[in-house]
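Understanding the architecture of this molecule
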Amino acid sequence: MPANPHENSPGQDVLLDVEGLSVDYGTEADPLPAVSEVSLRVRRGDILGIAGESGSGKTTLINALLRLLRPPAQVRSGRATLYPRSGTPLDLLHADAKELREARWEQTAVVFQSAMNALNPVSRLSAQFTDVLRTHRRMPKSEAREHAAHMLELVGIPAARLDSYPHELSGGMRQRATIALSLVCEPDLLVMDEPTTAVDVVMQRQILRQVIRLQRRLGFSVVFITHDLSLLLEIADRIAVMYGGRIVESGPVGALYRDPRHPYTRGLRDSFPPLRGPMRKLNGIPGSPPDLRRLPPGCPFEPRCPYASSECTTAVPELKDHGADRLVACVHADTLPVPTVGGRV
Ligand SMILES: Nc1ncnc2c1ncn2[C@@H]1O[C@H](COP(=O)(O)OP(=O)(O)OP(=O)(O)O)[C@@H](O)[C@H]1O
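Residues numbered from 1 in each chain as written. Predicted model: local features only at pLDDT ≥ 70, side-chain atom pairs only at ≥ 80, totals over all residues.

**Observations regarding the overall build of the chain**
The line we're drawing: Secondary structure is summarised from DSSP: a helix means a run of H or I of at least four residues, a strand means a run of E of at least two, and numbering begins at the N terminus for each. Any residue with 12 or fewer other C-beta atoms within 10 Å of its own C-beta is exposed, any with 20 or more is buried, and the rest are partly exposed; the C-beta atoms used are placed from the backbone. Any residue pair is listed as a contact if its two C-beta atoms, each placed from the backbone, are within 7 Å.
If you tally the helices and strands in the chain, you get nine helices and twelve strands. Overall, the C-alpha framework of the chain stretches about 65 × 50 × 35 Å when taken along its three principal axes. Across the 345 residues that make up the chain, the buried fraction comes to 43%. Sequence-distant contacts in the chain: of pairs separated by 6 or more residues, those separated by 24 or more amount to 63%.

**Some details on the environment of Val201**
Assignment of secondary structure puts Val201 in helix α6 (residues 201-218). Sequence separation between Val201 and Gly323 is 122 residues; the distance between their C-alpha atoms is 35 Å.

**Details of the pairing of strand β10 (residues 246-252)**
Which entries qualify depends on this criterion: The pairing criterion for strands is at least two bridges between them, as found by DSSP.
Taking burial as the measure, the seven residues of β10 include six buried ones, the bulk of the element. Pairing between strand β9 (residues 238-243) and β10: six bridges, direction antiparallel. Within the sheet, the bridge partner assigned to Ala240 lies in β10 and is Ser250. Here β9 hands over to β10 after two residues, with Gly244 in that stretch at a positive phi of 55°.

**What about the sheet that holds strand β5 (residues 90-91)?**
Short version of the rule: Each axis is a line fitted through C-alpha atoms, taken for helices only over the stretch in contact, and angles between the N-to-C directions span 0 to 180 degrees.
Reading across from one edge, β2-β1-β4-β5 is the order of the four strands in this open sheet, with antiparallel pairing throughout. The strands lining the two open edges of the sheet, one partner per strand, are β2 (31-43) and β5. Bridge count between strand β1 (residues 14-26) and β2: nine bridges; the pairing is antiparallel. Residue pairing for β2: Leu21 is matched across the bridge by Val38. This element, helix α1 (residues 58-65), spans β1, β2 and β4 (73-82) of the sheet and lies at about 65° to β2.

**A look at the site of the ligand**
Using the following cut-off: Whether a residue is near a molecule or strand depends on its C-beta atom, placed from the backbone, lying within 6 Å of it.
Inspection of the region around the ligand gives 14 residues, with Tyr25, Ala34, Ser54, Thr59 and Thr60 positioned closest. Elements supplying a minimum of two residues to the shell around the ligand: β2 and α1. No other element matches α1, which puts three residues into the shell around the ligand.

**Overview of α1**
Taken across its eight residues, α1 has eight buried, putting it largely inside the fold. Buried within α1 we find Lys58, Thr59, Thr60, Leu61, Ile62, Asn63, Ala64 and Leu65.

**Considerations on the nonpolar core**
Worth spelling out the cut-off: Connectivity within a nonpolar core runs through C-beta atoms within 7 Å, and the core itself is a set of buried Ala, Val, Leu, Ile, Met, Phe, Trp, Tyr and Cys residues.
Ranked by internal contacts, the top residues of the largest apolar core, which has 90 residues, are Phe129, Ala180, Val184, Leu189, Val223, Leu232 and Val241. Ignoring anything within four residues of it in the chain, the contact list for Ala180 reads Met151, Leu152, Leu154 and Val155.

**So, the sheet that holds β10**
Across the sheet, eight strands lie side by side as β6-β7-β8-β3-β9-β10-β12-β11; this open sheet has mixed pairing. Because the sheet does not close on itself, it has two edges, and the strands there are β6 (108-111) and β11 (320-321). Judged from the four bridges that link them, β6 and strand β7 (residues 189-193) form a sheet pairing that is parallel. Bridge assignment links Val110 to a residue of β7, and that residue is Val191.

**With respect to the environment of Leu256**
Topologically, Leu256 is positioned in helix α8 (residues 253-258). Among the residues examined, Leu256 registers 29 C-beta atoms within 10 Å and is labelled buried. With 179 residues separating them along the chain, Leu256 and Ser77 place their C-alpha atoms 29 Å apart. Leu256 has contacts with Ile239, Glu249, Gly251 and Thr265, leaving out every residue within four places of it along the chain.

**Let's talk about unusual backbone geometry**
Here the bond from Pro71 into Pro72 is cis, since omega is 10°, no more than 30 degrees from zero. Looking at the element boundaries, Pro72 is found in the loop between α1 and β4. Positive phi is not limited to glycine here, since Arg138 has a value of about 50°. For Arg138, the location among the structural elements is in the loop between α3 (125-137) and α4 (141-154).

Listed below in structure tokens is the structure:
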């Protein structure tokens, strides 16, 4: 297993510690390495954004952490520990069914891309909220109803909507109701996988603002997955960028945006319009994402990289400490020219 680039041992401030996680799809004879040697940490109360093009392994990574992988997916190696506020640390990759059942809702919750369809269509919101609260919190029905109304109000839905069926709500409301439901047991970690792709941009911003407000109020941590780096610049504290199943750069959002040290992060940043500040020319990343079954022997980004040299073709660069809380997997990280930045974070 590779050394964890996060040198210090997890302290009070670390909620999730992942080390050397690798996941394959397929058979031993013909594996597709979807996630390779990923190490990351989520701090308590932080929003960690995971960015990367389609197929970079984002969903596989979180599905592995939440134990939602199905065959032919297989965890090949790694460790992942959750340090909840209450209770003992949980070994996420080896927890048994009972431990996982207890952890879900109470310690971890997830909102998927198809969140709008996650609610049971034949059940009123009140029933869906009270079921969870009565099962996990053993709350009497009236108290559960009161708590459910409070959670709905926190995401901007009037309490009177508690008796609505999902189809009676707008798309944006359904999305927000799903988020409220996922937070009803006050989990330590909320994982969101492209949760707002199905709603329009204005609604997307509203929902994200609400998530941040809730996060500040309730203090949970968020792992937010998206291909849209510009979205993460608005909401995340830290960002990890994935390419070809690996994390190629991570760090605090402002520094990573102003001065990306990995050419792929730079390419990703320059593919989206800045959210604030003057407009700049958009440049897509030439070429296409790698075929994971035929990765080059060196850096997986080398075939598309404008800075590639012969050094990049021999070995996969390690994710190394680059100072100021940054980790970068590029042999040219120190010598990359400082980019000009259009927007500001
Ligand atoms: N069930 C599966 N069986 C085989 N290969 C899979 C399966 N699910 C995903 N993969 C492959 O694993 C790799 C990583 O996919 P994954 O969905 O994790 O990426 P992603 O970054 O989340 O992409 P997207 O943003 O499109 O969801 C891709 O090459 C994908 O084709």
